[in-house]
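Here is what each chain is made of, one letter per residue.
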Amino acid sequence: MVRHTQLTPLSLVGVSIAALLTFPLLYVTYAAFTGDLSQAGNLWNTRLPELLTNTISLAMGVSLATLTLGVSTAWIITRYQFWGRAFWDWGFVLPLAIPSFVLAYVYTYLLDTAGPVEQTWQWLTNSEAHIPSPYSFTGALVVMTLNTFPYVYLLARAAFQNFNLSFEEAAQATGATRRETFWRVSLPLIRPALVASMFLVVLYVVSDFGAVSLLRFQTFTYAIYQQITGRFDYQSAALLSLLLVGFALVFLFAERWFRKQSRFYQTSGRVRTATPKPCSMTRVLAINLSFLVIFIAAFGLPVFLLIQWTLTAWTNGEVGTSFGTYIGNSVLLSATAATAALVLGTPLAYLASRIPSKLHVACLQGAYIGYVLPGPVAALALLMLFTDMIPILYGTIFVLILAYLIHYLPAGLQAMESALQQVNPNLEEAARNLGAKGIRTFMQITFPLVRKGFSAAWLLMFLLCMKELPATLLLRPIGFDTLAVRIWLEASEELYQLAAPPALLIVLLTIPAVFLLSKKNWQAG
Amino acid sequence: MSLFVEPRRTDPVSSSIATSSSSSQAPMLELNKITCGYQPEVPTVRDLSLHLQPGNILCLLGPSGCGKTTTLRAIAGFERISAGEIHLQGQVLASASFHLPPEQRRVGMVFQEYALFPHMSVEDNVAFGLYHWQPSDRKARVQNLLDLVGLQGLEHRFPHELSGGQQQRVAIARALAPKPLMLLLDEPFSNLDPDMTIKMRKELYRVLRQTQTTAILVTHDHEEAFAMADHVAVMQDGILVQCDTPEGIYQQPSCSFVAEFIGQANTIPGIINNGQIETEIGTFPNQSDFHSETHVLVMIRPIDIQFTPSESGSGRIESRQFQGSQTLYGIRLSSGQLIHCCMLPIPVYNIETSVIIHVTTSQHAIIFPQPALS
């Protein structure tokens, strides 16, 4: 019996979009292995050991630090009743509003030789002791940890909130102390959430460019950028990129695999969840004090400094008309890219959810390729592709928008997929049954029902594009600067005041989106 | 004892079954050996043939996963068929090489969960299919239909503001609005509570008859099928096993599956001997011309079996289930065979009472060949 293959025009559209999104990576793979490979051996001997050590140790260090920070804050907030709890509950999500390169640039100021932290330390200890330089592993570790621990916090918080209390009670009934119960029962049971958040953090760390470049810490992304801009050595950059993509892919598949495994951990039926316990005055004080230190380090102090610098820049008349141009450029690029992503993502998400044939699901999976393409890699792929094949487009905002599209479509696509899945396909069938053609059905039935979800997807992609740094640095037309690029350029020159106004603007714009994110059900699995 | 024994039918699948045996009218709907459902999650349908006369109501009856909804969706155009043909008023809707899009079929459908558009008012839902009508005609038609289903005054409500029964009325009105050639209803009562189901069943019956609508109704409830249908088509594992009037289905089921699906039945093993069927509870004439020594099954409904208490009886009351107007007893015979019978609720017999079984009427006894023992 021949199975029907329904190759509709819409399927062809989906296939073309998926091809557009995946082709650059295929091309960079091809380009990496054609031509003179002697460079590769050279690269292997000189740069690779350092890059591997740095990238892996940073990923490991940040995972450990964020796990400690995220789990302990989540545990205290879900299990104890104390004054200030409501504030911390959402306060720990706020650090996500600060782009990594903004936090990095604030910390290069704070931790620099003779900077505020060193001066305070020397005054406190009455010594000439130096603190670790920000341009080091320690600097990168501190910045990346403060920047990403909210992911762990969110996932651990959701896990503790949905935790079935009966397991803990059963442990205590056998005579286990509270401490033993935490280590032997509670923590192992939220392992899916911990692993999921660790994958998220590792993926974030290995693909970050902004922070490591400002802290001059040699990881893969930074090295790829240097190969492109400093040495114009595209082939070495391509080889490094493929290693990084491979690394990210391994992590992505490991995460998927683990997510499947973790289904067994979920309890079914009625779940009794914990009610927060009241605690003593000293405890309340200790909790609030330690939380305040974390909050100040991750959000309070950076934002305070940004405001202060912005005011100085303002009174000095350093915020000129060019600032308006940068805002205009950023908004133009981000809005165009987000809109294009929505338009291109819709057929993919629609086909995969309504006619989930192998072809359609493969197209959707292809669109998720941006997950494993860190900014510099996406930029390199397009750079090589366009200089080789369509040089006339190279250096136009078209290429830049395409880079944004590939890089950030996955984030929006997830929101679009879930919005479409919430619309019962029977509604569309009912419309067809009443004589409406496909287009009218989409415009009058499907679209009004997914509008909210699609708006959220658009907003998310818009904000991510506003913060995009490496691809913009590499692909922007000459003289076409965005807010993110200005922050990075000024910060590289240690012109803190000049970098502050655009940084503050991005932080303020991102805060609403962060709240949207924190309301989402962050359950692993 | 005069017995009516239904001869075993020929393979019901290979012959097409007309729902109206003595009609010269052209059928409204004709399914000609259709096969469909090769997607992984869709039950398959094989070689299914059906005719439906104008104004008739047909029920597709069967357990879940038997392919009845797939059949309905194939008629509506939501599933493609890989073999056979679907004709509506003589026009081809689908064949192996042709698929008329759902929006061009003029077949109305009421979905199981109604699928009312949540962002539109009752009025807009009903008017959705009247897109190309003149505004004044459209308004009149909507009003007309809301009157028909008894929803006057609720035009501006939204679906979430309606009760289950009201939602169903909207769904029916919406499906009927564009004057479809026929109506398909997928388990229309499965989302209603039992009281409402009976009320809506009558209501739907009235609307369908009043509008002389040709309809196919999918259900797994034989009482619903009997109450609504001119003809009942029973499906099992993607195959149409019998299509007949409700009475015909009940009295002359074509196989033990149908017999048991449409109501409680006792099946008792027997053997052909001297032109008679000998069973543990009596002998029956061999009207199906089974060969001597053939093992057969005799099916008798509980209503046709009675018992009397007797010390010497070979049966023993094992269970008793009070059902209001009658009581259902389970009698264990000495051979281990369990027989169900319906008795008046009074007097009440105790469990463990020894009894003798009588077959009161053999009118409804049906004989099937016994499946080969493995």
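Residues numbered from 1 in each chain as written. Chains lettered and ligands numbered in written order. Predicted model: local features only at pLDDT ≥ 70, side-chain atom pairs only at ≥ 80, totals over all residues.

Visitor: Can you explain the overall build of chain B? Please cite residues and give values.
Guide: Of the regular secondary structure elements, chain B holds eight helices and 20 strands. C-alpha atoms of chain B, sized along the principal axes, occupy 80 × 45 × 40 Å. A total of 374 residues make up chain B; the buried ones form 39% of that total. Taking contacts inside chain B between residues at least 6 apart in sequence as the whole, the part at least 24 apart equals 67%. (Helix = DSSP H or I, 4+ residues; strand = E, 2+ residues; numbered from the N terminus. Buried ≥ 20, exposed ≤ 12 C-beta atoms within 10 Å, placed from the backbone. Contact = placed C-beta atoms within 7 Å.)

Visitor: If you had to explain the interface of chain A and chain B to someone new, which residues and values would you point to?
Guide: In this assembly, 19 residues from chain A lie in contact with 20 residues from chain B. Those elements that provide at least two residues to the side of chain A that touches chain B are α19 (425-433) and α20 (438-467) of chain A. The leading source of residues in the side of chain A that touches chain B is α19 of chain A, at seven residues. Of the residues that constitute the side of chain A that touches chain B, the class distribution is 10 nonpolar, five polar and four charged. (Nonpolar A, V, L, I, M, F, W, Y, C, P; charged D, E, K, R; others polar.)

Visitor: How would you summarise the confidence of the model for chain B if you had to cite specific residues and measurements?
Guide: Residue and element names in this part refer to chain B. Averaged over every residue, the pLDDT of chain B is 85; the share at 70 or more is 90%. Within the model, the stretch residues 1-23 combines pLDDT values under 50 with 44 contacts to residues more than four positions away or in other chains. Two numbers describe this predicted complex: its pTM, 0.78, and its ipTM, 0.76. (pLDDT = per-residue confidence, 0-100.)

Visitor: Describe the sheet that holds strand β7 (residues 182-186) of chain B, listing the residues and the values that go with them.
Guide: Residue and element names in this part refer to chain B. Pairing in this open sheet of six strands is mixed, and the strands run β6-β7-β8-β3-β9-β10 from one edge to the other. Two strands lie at the open edges of the sheet, namely β6 (107-110) and β10 (239-244), each paired on one side alone. Between one strand axis and the next, the sheet turns through 20 degrees on average, direction left out of account. Relative to strand β8 (residues 215-219), β7 runs parallel, the two being bridged by four bridges. Considered in β8, the bridge of L184 is made with I216. Against the sheet, helix α1 (residues 68-76) contacts β3 (57-61), β6, β7, β8 and β9 (231-236), and its axis sits at roughly 145 degrees relative to β7. (Pairing = 2+ DSSP bridges. Axes fitted to C-alpha atoms, helices over the stretch in contact; angles between N-to-C directions.)

Visitor: Give me the lowdown on the sheet that holds strand β4 (residues 81-88) of chain B, citing residues and values where you can.
Guide: Strand pairing in a sheet takes place through backbone hydrogen bonds and is either antiparallel or parallel in direction. Residue and element names in this part refer to chain B. Reading across the sheet, the four strands line up as β2-β1-β4-β5 and stay open at both edges, with antiparallel pairing between neighbours. The open sheet terminates on both sides in strands that have one partner only, identified here as β2 (45-52) and β5 (91-95). Adjacent strand axes in the sheet meet at a mean angle of 10 degrees, parallel and antiparallel pairs treated alike. Of the pairings in the sheet, the one linking strand β1 (residues 29-36) to β4 comprises six bridges and is antiparallel in character. Paired with T35 across the two strands is A83, which belongs to β4.

Visitor: So, the confidence of the model for chain A: which residues are in play, and what are the values?
Guide: Averaged over every residue, the pLDDT of chain A is 86; the share at 70 or more is 95%. Confidence, expressed as mean pLDDT per element, reaches its minimum in chain A at helix α2 (residues 38-46) of chain A with 74 and its maximum at α19 of chain A with 93.

Visitor: Pulling in residues and values, what's your account of the pairing of strand β19 (residues 354-359) of chain B?
Guide: Two elements, strand β15 (residues 305-309) of chain B and β19 of chain B, share five bridges in a ladder whose sense is antiparallel. Residue pairing in the sheet places T308 of chain B in a bridge with I356 of chain B of β19 of chain B.

Visitor: Describe unusual backbone geometry, listing the residues and the values that go with them.
Guide: Residue and element names in this part refer to chain B. Here the residue pair I346 and P347 is connected by a cis peptide bond, since its omega of 0 degrees sits within 30 degrees of zero. Secondary-structure assignment places P347 in the loop between β18 (338-343) and β19. With phi around 60 degrees, R106 is a residue other than glycine that occupies positive phi space. For R106, the location among the structural elements is in the loop between β5 and β6. R106 sits in the partly exposed class, given 17 other C-beta atoms within 10 Å.

Visitor: I'd like a description of the packing of helix α18 (residues 397-421) of chain A against α20 of chain A, backed by residues and values.
Guide: Residue and element names in this part refer to chain A. At their nearest, the axes of α18 and α20 sit 8 Å apart, and the two run at 160 degrees to each other. One way to sum up the angle between α18 and α20 is to call them roughly antiparallel. Seen from above, α18 lies across α20 with right-handed handedness. When α18 is examined against α20, the residues Y404, Y408, A411, G412, A415, M416, S418, A419 and L420 are found in contact with a partner set consisting of V450, G453, F454, A456, A457, W458, L460, M461, L464 and C465. Of the residues belonging to the contact of α18 with α20, the class tally is 16 nonpolar, three polar and no charged. (Parallel < 35°, antiparallel > 145°, perpendicular 65-115°, else oblique. Left-handed = near helix turned anticlockwise from the far one by under 90°.)

Visitor: Break down the domain arrangement of chain B for me, citing the residues and quoting the values.
Guide: Residues and elements named next belong to chain B. Taken domain by domain, chain B holds domain 1 (29-261) and domain 2 (276-369). Facing six residues of domain 1, the contacting portion of domain 2 comprises five residues. Its residues assigned to classes, the side of domain 1 that touches domain 2 shows three nonpolar, three polar and no charged. (Domains from an automatic or database assignment.)

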